[in-house]
Amino acid sequence: VQLVESGGGLVQPGGSLRLSCAASGFTFSTYAMRWYRQAPGKEREWVAGIGSAGGSTNYADSVKGRFTISRDNAKNTVFLQMNSLKPEDTAVYYCSAIWLVQYWGQGTQVTVSS
């Protein structure tokens, strides 16, 4: 099982980034997918989730209206479009697959700074 995040980087406040998470080794279309993040010195927090078929999404209040989660089951990939980024969005972002078990990726760093 592998979950590989990409797309992180350094961006100025107000900017955008699109994270991707490529999955392999399990039946991707069976699993709900989530994005989490962990800022320095803080606990990991849930950011967004999407159902296995992509029909339902939900978001943490802190990112609602700015972030959009989506998935492409044909490509075994989940995305997180992040707009209007703020310095407090700085964190390592992790994707996770959940069904009977939960799988985690290694994370990708997002830094929002001028």
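Residues numbered from 1 in each chain as written. Predicted model: local features only at pLDDT ≥ 70, side-chain atom pairs only at ≥ 80, totals over all residues. Heavy atoms only, no water.

**Q** Tell me about the nonpolar core, and please be specific about residues and values.
**A** With 30 residues, the main nonpolar core has Trp 35, Val 78, Leu 80, Met 82 and Tyr 93 as its most contacted residues. At the level of secondary structure, the elements contributing two or more residues to this core comprise β3 (17-24), β4 (32-38), β5 (45-50), β7 (67-72), β8 (77-82), β9 (91-98) and β11 (108-112). Beyond its immediate stretch of four places on either side in the chain, Met 82 contacts Gly 15, Ser 16, Leu 17, Leu 19, Arg 66, Phe 67, Tyr 93 and Val 110. (Core = buried A, V, L, I, M, F, W, Y, C linked by side-chain atoms within 4.5 Å. Buried < 20%, exposed > 50% of the residue type's maximum accessible area, 1.4 Å probe, protein only. Helix = DSSP H or I, 4+ residues; strand = E, 2+ residues; numbered from the N terminus. Contact = heavy atoms within 4.5 Å.)

**Q** Report on the pattern of salt bridges, specifying residues and quantitative values.
**A** Between side chains of opposite charge, a pair can form as their charged atoms come close. Per the counting criterion, the structure on display carries four salt bridges. Between Lys 64 and Asp 61 there is a salt bridge; the shortest N-O distance is 3.2 Å. Judged by relative accessible area, Asp 61 falls into the exposed class, the value being 67%. The partner of Asp 89 in a salt bridge is Arg 66, with the nearest N and O atoms 2.7 Å apart. Of the two residues, Asp 89 sits in the loop between β8 and β9 while Arg 66 sits in the loop between β6 (57-59) and β7, which places them 23 residues apart along the sequence. On the basis of relative accessible area, Asp 89 is assigned to the buried category, the value being 0%. (Salt bridge = Lys/Arg side-chain N within 4 Å of Asp/Glu carboxyl O.)

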